[in-house]
Amino acid sequence: MEPKVAHHSLLAVKAAKKPSKLKTVAALVRKDWQLYSLLILPVMYLLIFKYGPMIGNVIAFRRFMPGGSIYGEKWVGLHYFNMFIHDPAFWNVFKNTLLLGALSLLFTFPVPIIFALLLNEVKSRRFKKFVQTASYLPHFLSIVIVAGMILQLTSVNGSVNSLVEFFNGERINFMQRAEWFRAIYISSEIWQGMGWGAILYLAALTTIDESLYEAARIDGANRWKQTLFVTIPGILPTIVTLLILNMGAFLAVGFEKILLLYNPVIYETADVISTYLYRVGLVSNNFSYATAIGLFESIIGLILVFSVNAISRRLTDRSLW
């Protein structure tokens, strides 16, 4: 029994000497306080402009009156949620948002992956750098400039209609035709985000071990099979992570671009939740109703993130948490 008692006593002494997690964190902060001090401004920004405004979501359940309390005057419960459930206009914009979100996920998400894989096969460094630089530039253009370019190109006298006329077609006023809006919006999103979105995948490609390609070549794998069985599995964690993050913004279709492009004639396909919120909340001053719709949109996004994360963990053993 004595050795066991001595062993337990030794463990107790070690546990007493082991510093607490709080003391460990404090020691790390004291050691690298210069680095941790750089977090002060970002954390303050998040607290003030991201987490602080969340308190205002309470007016989704209270009647807000301009000039009164910023947290509403009277508790109305789920009144505003019931309003948008029975609002035909809301369900039309909800449908448009789902369709644009699905089309964006279907087309704009895989294009940067394909573009990065193609760039990875380019042997000329000079040509590769030129293509990369040219593809990055649209991302840095202002949304106002991009919207102006789209309106000019698709106008009746624009370049697109000139090309249509060259092939014996009739000129079309694209931005007055609701059926053309989704194609124009998705095309502009691909053009603007393709190069910038490929950066992370190009970085992930550099981490793949070259010995895997050598082993694949020894086994007789051609370039296509090397891409399929070595390259894609190598960047799969990056793909999964970005897919989960994109699902969180599934309903947050680009507000600025749509607001600059759409008009009442094409509301049928162009009006989305964010633009509807703008008109209901800021133009019509119905802040409580707009907050209820925004809260509903955020909850749907949260559910999508958790769902895709769980599916990814089950199917690929990779997830954010």
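A. Up close: the overall build of the chain. In terms of regular secondary structure, the chain is built from 17 helices and two strands. Dimensions of the chain along its principal axes, counting C-alpha atoms only, are 95 × 70 × 40 Å. For the chain, the proportion of its 321 residues judged to be buried stands at 31%. Long-range pairs, those at least 24 residues apart, make up 63% of the contacts in the chain with a sequence separation of at least 6. Surface summary for the chain: the accessible area is close to 20,600 Å², and the carbon and sulfur share equals 68%. Distance from the positive charge centre (29 side chains) to the negative charge centre (18 side chains) of the chain: 10 Å.

B. Broad picture of the nonpolar core. Counting residues in each nonpolar core, the largest one holds 25 residues, and the members touching the most others are Phe-84, Phe-90, Tyr-276, Tyr-289 and Ile-293. Elements supplying a minimum of two residues to this core: helix H5 (79-85), helix H6 (88-108), helix H13 (223-248), helix H16 (273-283) and helix H17 (287-316). In terms of residue count, the dominant contributor to this core is H17 (eight residues). Setting aside anything within four residues of it in sequence, one finds Phe-90 in contact with Phe-84, Tyr-276, Tyr-289, Ile-293 and Phe-296. Leu-117, Ala-204, Ile-208 and Tyr-213 belong to the second largest nonpolar core, which has 21 residues in total.

C. Examining the pattern of salt bridges more closely. Taken as a whole and judged by the stated rule, the model has five salt bridges. Close ionic contact of Arg-223 with Glu-121 constitutes a salt bridge, the shortest N to O distance being 2.7 Å. You can see Arg-223 sitting in helix H13 and its partner Glu-121 sitting in helix H7 (residues 110-121), a full 102 residues away along the chain. Residue classification places Arg-223 among the partly exposed residues on the basis of a relative accessible area of 39%. With relative accessibility at 28%, the residue Glu-121 sits in the partly exposed group. In this structure, Glu-165 and Arg-171 form a salt bridge, with 2.9 Å as the shortest nitrogen-oxygen distance.

D. Quick peek at the environment of Lys-74. Within the fold, Lys-74 resides in strand S2 (residues 74-75). Remark: the alpha-carbon pair of Lys-74 and Arg-62, spanning 12 residues in sequence, is separated by 5.3 Å. When sequence neighbours within four positions are dropped, the list of residues in contact with Lys-74 reads Phe-61, Arg-62 and Arg-63.

E. Broad picture of the packing of helix H8 (residues 125-136) against helix H11 (residues 181-205). Following both chains from N to C, one finds H8 and H11 inclined at 130°, their axes separated by 7 Å at the closest point. Relative to H11, H8 is oriented oblique. Facing H8, whose interface residues are Gln-132, Ser-135 and Tyr-136, H11 presents Gly-195, Trp-196, Ile-199 and Leu-202. Classifying every residue of the contact of H8 with H11 gives four nonpolar, three polar and no charged.

F. Representation of H6 in the model. Across its 21 residues, H6 extends 29 Å between first and last C-alpha, which sits within 8% of the 30 Å expected from 1.5 Å per residue. Turning to H6, its buried residues are Phe-90, Val-93, Phe-94, Asn-96, Thr-97, Leu-100, Gly-101 and Ser-104. What you see down the axis of H6 is that its buried residues fit within an arc of 165°, all on one side. Facing away from the buried surface of H6 by more than 90 degrees, the exposed residues are Pro-88 and Leu-106. Those residues of H6 that are buried lie in contact with H5, H11, helix H14 (255-261), helix H15 (267-270), H16 and H17.

G. Spatial organisation of the layout of surface pockets. Here the largest pocket is characterised by a volume of approximately 950 Å³. Ser-104, Thr-108, Glu-189, Gly-193 and Asn-246 are the residues nearest the centre of the largest pocket, which is lined by 29 residues in total. By residue number, the principal contributor to the lining of the largest pocket is H11, which donates 10 residues. Among the residues making up the lining of the largest pocket, the classes are represented as 17 nonpolar, nine polar and three charged. Approximately 410 Å³ is the volume found for the second largest pocket. Around the second largest pocket, the lining comprises 17 residues; the ones closest to its centre are Asn-120, Glu-121, Val-122, Lys-128 and Glu-210. Among the elements of the structure, H7, H8, H11, helix H12 (210-218) and H13 are those that each provide at least two residues to the lining of the second largest pocket. In terms of residues, the lining of the second largest pocket owes the most to one element, H8, which gives four residues. In terms of residue class, the lining of the second largest pocket is built from five nonpolar, four polar and eight charged.

H. Region of interest: unusual backbone geometry. The backbone phi angle of Asn-168 is positive, close to 65°, even though this residue is not glycine. Within the secondary structure, Asn-168 is located in the loop between helix H10 (159-166) and H11. Of note in the backbone geometry, Asn-285 takes a positive phi value of approximately 60° without being a glycine. Residue placement: Asn-285 occurs in the loop between H16 and H17. Taking the relative accessible area as the measure of exposure, Asn-285 reaches 44% and is therefore partly exposed.

What counts as what
Residues numbered from 1 in each chain as written. Predicted model: local features only at pLDDT ≥ 70, side-chain atom pairs only at ≥ 80, totals over all residues. Heavy atoms only, no water. Helix = DSSP H or I, 4+ residues; strand = E, 2+ residues; numbered from the N terminus. Buried < 20%, exposed > 50% of the residue type's maximum accessible area, 1.4 Å probe, protein only. Contact = heavy atoms within 4.5 Å. Areas by Shrake-Rupley, 256 points an atom, 1.4 Å probe, with all protein chains shown as cover. Lys, Arg positive; Asp, Glu negative; His and termini not counted. Charge placed at Lys NZ, Arg CZ, Asp CG, Glu CD. Core = buried A, V, L, I, M, F, W, Y, C linked by side-chain atoms within 4.5 Å. Salt bridge = Lys/Arg side-chain N within 4 Å of Asp/Glu carboxyl O. Axes fitted to C-alpha atoms, helices over the stretch in contact; angles between N-to-C directions. Parallel < 35°, antiparallel > 145°, perpendicular 65-115°, else oblique. Nonpolar A, V, L, I, M, F, W, Y, C, P; charged D, E, K, R; others polar. Expected span 1.5 Å × (residues − 1). Arc of directions from axis to C-beta. 1 Å grid on protein atoms, 1.4 Å probe; cavity = no way out; pocket = protein on both sides within 12 Å on 5 of 7 lines; lining within 4 Å. Points joined across faces, edges and corners; volume = space filled by probe spheres on them.

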